[in-house]
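The primary structure of each chain is shown beneath.
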Amino acid sequence: MKRLIERSRSVGEVLRWVTQNPGKVSASHYPIALHKLGQLLQQGQAAGSGESRGPGPVLEQPEFQTLCQAIISGCAKFDNFSIVNCLYAAAALGLPGESPLVRVLEDESRSRLGRFNQKDVSMVFSSEANNKALEAIFSSQLFYENRQERFIRSMAEWLPRKAENLTPYTMALIAKYVARHRLREPRLLDTIANFLLKRGEQLDSKVIQKLVFPFSRMNYRPSNHSELFPKLEAILEQKAGSSPLATVNILMSMFQLSHFPQTVLHQVFSPAFITNVMSIPYALIVRRYLSLLDAAVELEFRDYSGPRLDPRYRVLMFEHALTADEANRKYRW
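Quick caveat, the model's predicted, so the values are computed rather than measured. (Residues numbered from 1 in each chain as written. Predicted model: local features only at pLDDT ≥ 70, side-chain atom pairs only at ≥ 80, totals over all residues. Heavy atoms only, no water.)

S.K.: Let's hear about the nonpolar core: which residues, and what values?
M.R.: If you look at soluble globular proteins, the nonpolar side chains tend to sit buried side by side. By size, the foremost hydrophobic cluster in this structure holds 57 residues, and its most contacted members are L196, L211, F215, L265, F269 and L290. For this core, the element with the most residues is helix α12 (residues 186–199), which contributes seven residues. If you look at the next biggest cluster of nonpolar residues, it comprises 30 residues, including I5, V58, A70 and A89. (Core = buried A, V, L, I, M, F, W, Y, C linked by side-chain atoms within 4.5 Å. Buried < 20%, exposed > 50% of the residue type's maximum accessible area, 1.4 Å probe, protein only. Helix = DSSP H or I, 4+ residues; strand = E, 2+ residues; numbered from the N terminus.)

S.K.: Account for the environment of T247, naming residues and giving values.
M.R.: Among the structural elements, T247 can be located in helix α15 (residues 244–256). Given a relative accessible area of 0%, T247 falls into the buried group. Through-space distance from the C-alpha of T247 to that of V264 is 9.1 Å; in sequence the pair is 17 residues apart. Once you skip the residues sitting within four places of it in the chain, T247 turns out to touch L236, K239, A240 and V268. (Contact = heavy atoms within 4.5 Å.)

S.K.: Any details on unusual backbone geometry? Residues and values, ideally.
M.R.: At N219, a residue that is not glycine, the phi angle is positive and equals roughly 50 degrees. Along the chain, the position of N219 falls in the loop between α13 (205–217) and α14 (225–239). The residue S258 is not glycine, and still its phi comes out positive at about 60 degrees. Mapped onto the secondary structure, S258 falls in the loop between α15 and α16 (262–268).

Function cannot be read off these values alone, since they describe shape.
What follows is the structure, encoded as structure tokens:
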């Protein structure tokens, strides 16, 4: 039955296998079926096939409701991999966060956080890459009615214990999630900072920028900042030109924490760096950020005596005078 479900070529075929053959379907087949439905819909949308009309018609079918009910009934018996697969599928299918299926899966996932191994944790947090699935796992409802505090406590307990074994990719996704939901929990932020301190030399600049971002977003100086910041400076000195946008993003985060790495500033305001920036697709974005850094140097780093951004490359941040409402709406961050 597992092979039949996995080889199905349409939504209807999957639903027929699991609803018309009750004697041959076990509890483990239901997560496989839901996952396959999500795959088929995503493939259909990418190819522009008949399935590309969206998940709406699927959700209305009685067979789909039967499948959902079977998953709700058997959820507690599923392994962690099946739970995560179901959550991926629920996001791909566009199930709302308040639906009974998503609620049950969320509750089950939350209760297992302390028992997830690295692979499970990686799968849970890697769903952020789709900008949908993590919201299905921990929907916005989780952050109301005091449930956010319970989640933060759970996360803060297991993350320090597992951090040594997590991959940089997983830790970066966790950092992105922490920043997105503004989880200003010192244990979480210090765990990310310790990971960065120990593994920094091995990390790509694009990963480092993701790990540093939560600190600036929450205006939080990690407890190891006296060691971490000089180490980040040394890393940036070596890798400044390899990823200009990441370098400038890291500098912006450090500036927001009142740390001004002078040697790195010499590099990013140098003609060589600017010439490199002008040849990349996102040159305007980097120039905009460099303009912000240059303004910050003028206002906050009066002792700086190195090169500054050439006026030719400055980007005007505000094209015209803004009303308070417009400024708050566009630049509230």
